[in-house]
Amino acid sequence: MITDAIIANSPALLVMIPLIAAFACPFIGRISPAVRNIWVVGAMVLTAAMALLLAGEVFSSGTVVYTFGASAPGMSVPPDSGGIPVRIVFTVDAMSALMQIIGAITGLSIVLYSIAGDRRHTGLESYYTLYLLMIAGVMGMVSTGDLFNFFVFLEILSISSAGLIAYRIDRGVAVEAAVKYFVLSTIGAMVILVAIGIFYGEYDALNIAVIASRMQFTLLDQVALVLMIAALGMKCGAVPMHFWTPDAYSMAPSSITAMLVVASQASLYGLFRVVFTLYNVTLNAATVGWIIIVLGVLSMVVGVTMAIPQKDVKRLMAYHAISQTGYMLLGVGVGLAVLGNQSLLDAFGYVAMEGGIFHIINHAMYKGLLFLTAGAIFYRIGTRNLNRMGGLGHNMKYTMVFFVIGALAIAGIPPFNGFASKLMIYESVFMFNPILSIIAMVVSILTLASFVKVFHSIFMGPRLPEYADVKEAPAPMLIGMGILAAVVVLFGLFPGVVVDHLIEPAAQALVNQGAYISAVMGGA
Amino acid sequence: MDLIASLYTGSGYWNPLVWLIAIVVVFVIVYLIWSRGESGYKKGTLQTTPFISGNPEPEKSGVHVPGGNLYWGYTEALKGYYSRLVPLHTGRLNDYLLWYLGVTAIIMVVVVVTA
Amino acid sequence: MLVFGTIPYLVIVALAVIGLATVALKRNLIKIFLGITIFESAINLFLVSLGYRDGAVAPIFTDAPSTEMVMATPQALTLTSIVIGVATTALLLSFAVLIWKHYGTVDTDKIRRLKE
């Protein structure tokens, strides 16, 4: 009975638990640091359990619709409203469930890592409060079925991220990074609000399913689409709007950088939700698909070429994050470009979209792992400058193994998970346009080159005298990194079962706008 | 059987377990070749120190090539590309915003004109 | 009457352009934040004016002079947006204080330690 009630209300609990835990954190933190750590880890474990329960429910029995304030959670359309869902509705379909799984696994490993990795900082109650707010923001953004609710959670996420980026202050440099991130983020969010206002003015609704069922592609809709694509593309770090990404990712504490990757991917989810579920075939699929493909190709190339000459290890990894986002945009853009054409969709469109979506979860895992290893190195030796590091492979063996797993995964080397998703993207994009696939492969080689450089300069070489007594990273950090590395290896060894059970439902859910609309509006 | 299913892309399939078996076979062959090597040497004597044409071995911190110098040849060869790309990353907040607004304008023109 | 109905939208466009131009072209960080605030006011005005209906009264049920009311949903959206704007401005200004303390200047040309 209790478990049934919990599972039935899990969309609400998913956002409520981190919110309540976040606001109670400063008070609990006054008792002692150990109690605060237990509180935060407990809240994150509960949130991850809710996310995994809800994802299990969605993958086994279809889209879950949760209405806030109705007499029963599934009653999205009140009987006296004339067929319109009037309350805030959380629509959790397979794509949302996948993003929730990403948020749960990453959030859990980051909080375990943070317990040890951030213990030298002061003001940790605020840190964990903002971190739990970030989790609430991510979970809300990917679960909601209401556009204005999406905007609110987007703002929750960006305000708490900005506070956390500036957390270390670092003689003012971290605050500079946070200002750049936050000004761009605010302008972007307000532009999204303009687009939401345009939708409301035209269709008198804020629910994604209702607007999707009433969508005609008028001039105002085109304007709103462009505003949404540009703003959400800027939030996820697509070139040429990517300038805030290296600054923010390098200056934030390393655990927060791993969470910022998930935040960028939540914005990428928002982009796909707008393009596929709001518009679907009403938009000019070839044009918008090619726009996303061009953004993706630019991101891949500029990201990796700017990464190679970098001297700061986290800035280098941030440029690689931009580059890998390009892969996701390329894969899903190819799927979008053939959206109206069922035969091409079956031939390579679905595979391209599955490749892009699989890359989202793979990237969150191995990029989070890489940033956590960079954080472990920074924790022990106090510098991020590649010119001053060397020979750490003698002292930090576990960190080196995790770094190697992450570096091979990002370069797309079998048998890790990066190879599986990149293979899907290469083969399907090759059938769409061979040049794009060749660019993607060259970028992959340059990624490998760049990580060989990082690996050599950090871990290889003789034991340097100034790092003679550097110890291995503390155990909670290793456990956090170990969870992500285990997912990287497991997803790489069993990609077939992951794609069949997780990714293919997500791709089908994105393309199938009719199923989304009928799940919310009850077949109307 | 579901767990070891292959990943089917549109034009082929990929099964990492087959790859693992292949790698294990390769490692076995490598080990057999390595075990036929010279094993009768004494560690720590002149037999294991690096040979640098008879010159004395430099101190440890002088041997390691730091990270910033590793790809000098690559960045020199692509200097035309990098000398145009890197100055675009000015670091000024106003430029970041102008790029964002400019890209919005370009995409707006493309979408509205072709629809 | 047609011209009358479009005056709010003209004002919104003017405010938005002023706000975005301030953020894009001014060097002083505080002026950039003021530009963000102006842009925010333009957006709030846009949301409220979306709900306007000709000849309608405020959406308050008690002692309403007539039952034709303006739409209430955009007013709720605007309230939320104003609150988000307050939080945003507070955080931005605290960042400005910290930058002044550590850099000694609020000129974006000089706050450039993170580049390329």
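Residues numbered from 1 in each chain as written. Chains lettered and ligands numbered in written order. Predicted model: local features only at pLDDT ≥ 70, side-chain atom pairs only at ≥ 80, totals over all residues.

*Asks:* Go over the overall build of chain A with me, naming the residues and quoting the values.
*Replies:* Counting secondary structure elements, chain A contains 20 helices and two strands. For chain A, the C-alpha radius of gyration of 22 Å lies close to 24 Å, the compact-globule estimate for 524 residues. Counting over 524 residues, chain A shows a buried share of 67%. Taking all contacts inside chain A whose residues are at least 6 apart in sequence as the whole, residues at least 24 apart take part in 81%. (Helix = DSSP H or I, 4+ residues; strand = E, 2+ residues; numbered from the N terminus. Rg over C-alpha atoms; globule rule 2.2 N^0.38 Å. Buried ≥ 20, exposed ≤ 12 C-beta atoms within 10 Å, placed from the backbone. Contact = placed C-beta atoms within 7 Å.)

*Asks:* Can you break down the overall build of chain B residue by residue, with the values?
*Replies:* What chain B contains, in helices and strands, is five helices and two strands. Taken from the N to the C terminus, the helices and strands of chain B come in the order β-β-α-α-α-α-α. Here chain B has a C-alpha radius of gyration of 28 Å; the compact-globule value for 115 residues is 13 Å, and the former is much larger. With the principal axes as the frame, chain B shows a C-alpha extent of 75 × 55 × 25 Å. The burial tally for chain B puts 11% of its 115 residues in the buried class.

*Asks:* Can you break down the interface of chain A and chain B residue by residue, with the values?
*Replies:* Tallying the contact residues gives 61 residues for chain A and 41 residues for chain B. Breaking the side of chain A that touches chain B down by element, the ones donating at least two residues are helix H7 (173-203), helix H9 (219-236), helix H12 (285-307), helix H14 (342-381), helix H16 (417-432), helix H17 (434-459), helix H18 (475-493) and helix H19 (495-511) of chain A. Top element by residues in the side of chain A that touches chain B is H9(A). It accounts for nine residues. Looking at the side of chain A that touches chain B residue by residue, the classes come out as 42 nonpolar, 13 polar and six charged. (Nonpolar A, V, L, I, M, F, W, Y, C, P; charged D, E, K, R; others polar.)

*Asks:* Tell me what's going on with the interface of chain A and chain C, and back it up with residues and numbers.
*Replies:* Contacts between the two partners involve 27 residues from chain A, matched on the other side by 26 residues from chain C. Breaking the side of chain A that touches chain C down by element, the ones donating at least two residues are helix H6 (147-165) and H7 of chain A. The leading source of residues in the side of chain A that touches chain C is H7(A), at 16 residues. For the side of chain A that touches chain C, the per-class residue count stands at 18 nonpolar, five polar and four charged.

*Asks:* If you had to explain the nonpolar core to someone new, which residues and values would you point to?
*Replies:* A:Leu132, A:Ile165, A:Ala178, A:Leu330, A:Leu369 and A:Val488 are the most contacted members of the largest nonpolar core, which has 269 residues in total. Residue contacts for A:Leu132: discarding those within four places in its chain leaves A:Pro18, A:Ala21, A:Ala22, A:Cys25, A:Val40 and A:Ala43. (Core = buried A, V, L, I, M, F, W, Y, C linked by C-beta atoms within 7 Å.)

*Asks:* Mind laying out the environment of A:Pro414, listing which residues take part and the relevant values?
*Replies:* For A:Pro414, the location among the structural elements is in the loop between helix H15 (397-411) and H16. Put simply, A:Pro414 and A:Trp290 are 124 residues apart on the chain and 30 Å apart in space, counted from C-alpha to C-alpha. Ignoring any residue separated from it by four or fewer positions in sequence, one finds A:Pro414 in contact with A:Phe419, B:Pro16 and B:Trp19.

*Asks:* Report on the environment of A:His501, specifying residues and quantitative values.
*Replies:* Residue and element names in this part refer to chain A. Note that His501 resides in helix H19. Take His501: there are 12 C-beta atoms within 10 Å of it, and that puts it in the exposed class. For the pair His501 and Gly197, spaced 304 residues apart in sequence, the C-alpha to C-alpha distance is 37 Å.

*Asks:* Before we move on, can you summarise the environment of A:Glu176 with the specific residues and values?
*Replies:* Residue and element names in this part refer to chain A. For Glu176, the position within the fold is in helix H7. In this structure Glu176 comes out as buried when scored by C-beta crowding, with 28 C-beta atoms within 10 Å. Taking the C-alpha atoms as reference, Glu176 lies 9.5 Å from Ile165; in sequence the two are eleven residues apart.

*Asks:* Summarise the packing of H7(A) against helix H3 (residues 73-103) of chain C; cite the residues concerned and give the values.
*Replies:* One can describe the packing of H7(A) onto H3(C) by two numbers: an axis separation of 10 Å at closest approach and a directional angle of 165°. Classed by the angle they form, the pair H7(A) and H3(C) counts as roughly antiparallel. Judged by the sense of rotation from one axis to the other, the crossing of H7(A) with H3(C) is left-handed. Counted together, A:Val175, A:Glu176, A:Ala178, A:Val179, A:Phe182, A:Thr186, A:Leu193 and A:Tyr200 of H7(A) and C:Pro74, C:Ser81, C:Thr88, C:Leu91, C:Leu92, C:Phe95, C:Leu98, C:Ile99 and C:His102 of H3(C) form the full contact between these two elements. For the contact of H7(A) with H3(C), a count of residues per class yields twelve nonpolar, four polar and one charged. (Axes fitted to C-alpha atoms, helices over the stretch in contact; angles between N-to-C directions. Parallel < 35°, antiparallel > 145°, perpendicular 65-115°, else oblique. Left-handed = near helix turned anticlockwise from the far one by under 90°.)

*Asks:* Describe the packing of H7(A) against helix H5 (residues 93-113) of chain B, naming the residues involved and giving the relevant values.
*Replies:* The geometry of H7(A) relative to H5(B) is characterised by a closest axis approach of 10 Å and an angle of 30° between their N-to-C directions. In terms of their interaxial angle, H7(A) and H5(B) are classed as roughly parallel. Along this stretch, H7(A) crosses H5(B), giving a crossing that reads as right-handed. Residue-level contacts link A:Val179, A:Lys180, A:Val183, A:Leu184 and A:Ile187 of H7(A) to B:Leu93, B:Tyr96, B:Leu97 and B:Tyr100 of H5(B). Taken together, the residues of the contact of H7(A) with H5(B) break down into eight nonpolar, no polar and one charged.

*Asks:* Tell me about the pairing of strand S1 (residues 64-67) of chain A, and please be specific about residues and values.
*Replies:* Consecutive residues of a regular strand have side chains that alternate between opposite faces of the sheet. All names here are of chain A. Burial of S1 is two-sided: the residues Val64 and Tyr66 facing one way and the residues Val65 and Thr67 facing the other way are all buried. With four bridges connecting them, S1 and strand S2 (residues 89-92) associate as antiparallel partners. What sits directly across from Tyr66, in S2, is Phe90. (Pairing = 2+ DSSP bridges.)

*Asks:* Explain unusual backbone geometry to me, and be specific about the residues and the numbers.
*Replies:* All names here are of chain A. Cis geometry is adopted by the peptide bond preceding Pro240, which originates at Val239 and carries an omega value of 0°. Structurally, Pro240 can be placed in the loop between H9 and helix H10 (244-251). For the bond from Pro414 to Pro415, the omega torsion is 0°, close enough to zero to count as cis. A positive phi is found at Arg171, a non-glycine position, where the angle reads about 60°. Within the fold, Arg171 resides in the loop between H6 and H7.

*Asks:* Kindly report on helix H4 (residues 94-117) of chain A, identifying the contributing residues and their values.
*Replies:* Side chains of residues three or four places apart in an α-helix project in the same direction, reflecting 3.6 residues per turn. The first and last C-alpha atoms of H4(A) sit 34 Å apart over 24 residues, in line with the 34 Å expected at 1.5 Å per residue. Most of H4(A) sits out of view: 23 of its 24 residues are buried. (Expected span 1.5 Å × (residues − 1).)

*Asks:* A description of the confidence of the model for chain A should follow, citing residues and the corresponding values.
*Replies:* One rule of thumb: low pLDDT means the predicted coordinates there are not for detailed reading. Across chain A, the average pLDDT comes to 92, with 100% of residues at or above 70. The element-level mean pLDDT for chain A is lowest in helix H1 (residues 2-8) of chain A, coming to 86, with H6(A) highest at 95. (pLDDT = per-residue confidence, 0-100.)

*Asks:* Residues and numbers for the confidence of the model for chain B, please.
*Replies:* Residue and element names in this part refer to chain B. Confidence in the prediction for chain B averages 86 pLDDT; 99% of positions are at 70 or higher. Considering each helix and strand of chain B separately, the mean pLDDT is smallest for helix H2 (residues 60-63), with a value of 74, and largest for H5, with 94. Quick note on the complex model: pTM equals 0.94, ipTM equals 0.95.

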